[in-house]
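Fold and geometry: a report
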Amino acid sequence: IEIGMGKGKFITALAQQHPEINYIGIELYESVLIRAVAKRESIGECTNLTFLRYGAEHLEAVFAPLEVARIYLNFSDPWPKERHARRRLTSSEFLARYRRFLQPDGQIEFKTDNQTLFDFCIEQAEQMGWQLAQITSDLHHSPYMEGNLMTEYEERFSAMGNPSYRLVAFPPEK
């Protein structure tokens, strides 16, 4: 699943590359979701991709325990004010939610352009016992760039020469 998929470029490309895997793009805002639906329709038949208009705080009502293999969090809203930290998709509250429906060998792939959010993610994940890997503060000049699918936002941001941060997080054993 991709939470906060925006216009859907990333998840649509994944679904096209891997027709044997089912993907779900989740977006809260209808105006953005409409663009993703149009993009999916423009590529023809794509039976392994579904979109949901849903808030991330309610995903436990959608997914059964151990149902999800991978969660993508791409350039999420950083919610920069400290009083909004609980809304960040990498807060301890969200990590606890994800753990309930993420498979034991599943993972979260997180990318951002915001160093403060990246540092917050590392801190929260470590506090919750998640194992971190592939940590980079310059994705586009790292070995992890191979196979990287860029979001529309990432393309625009990296074209300006700005770095992207990336990490992979694995859930603690239950």
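Predicted model only: the values in this text are computed from it and were never measured. (Residues numbered from 1 in each chain as written. Predicted model: local features only at pLDDT ≥ 70, side-chain atom pairs only at ≥ 80, totals over all residues. Heavy atoms only, no water.)

Membership of the largest hydrophobic core comes to 28 residues, with the highest contact counts inside it found for I3, I71, Y98 and I108. Filtering out sequence-adjacent residues up to four positions away, I71 remains in contact with I1, I3, Y98, F101, L102, Q107, I108 and E109. I11, L14, A36 and L149 belong to the second largest nonpolar core, which has 14 residues in total. (Core = buried A, V, L, I, M, F, W, Y, C linked by side-chain atoms within 4.5 Å. Buried < 20%, exposed > 50% of the residue type's maximum accessible area, 1.4 Å probe, protein only. Contact = heavy atoms within 4.5 Å.)

Right, let's talk about the packing of aromatic side chains for a bit. Considering all chains together, one arrives at eight aromatic pairs under this definition. Seen from their ring centres, F10 and Y72 are 5.0 Å apart, and the 65° between their planes marks the pair as edge-to-face. Note that F10 is positioned in helix α1 (residues 9-17) and Y72 in strand β4 (residues 68-74), a separation of 62 residues in sequence. Given the relative accessible area of 7%, F10 is considered buried. (Phe/Tyr/Trp six-rings, centres within 6.5 Å; stacked < 30°, edge-to-face > 60°. Helix = DSSP H or I, 4+ residues; strand = E, 2+ residues; numbered from the N terminus.)

Okay, the pattern of salt bridges next. Within the structure shown, the criterion is met by eight salt bridges. We note a salt bridge from R97 to E60, for which the minimum N-O separation is 3.9 Å. Linking R97 in helix α3 (residues 92-101) with E60 in the loop between β3 (49-53) and β4, this pair joins segments that are 37 residues apart in sequence. Looking at E60, the relative accessible area reads 34%, which means it is partly exposed. The closest approach of N and O atoms between E60 and R100, which form a salt bridge, is 2.7 Å. Here the residue E60 occupies a position in the loop between β3 and β4, and R100 occupies one in helix α3, the gap between them amounting to 40 residues. Residue classification places R100 among the partly exposed residues on the basis of a relative accessible area of 43%. (Salt bridge = Lys/Arg side-chain N within 4 Å of Asp/Glu carboxyl O.)

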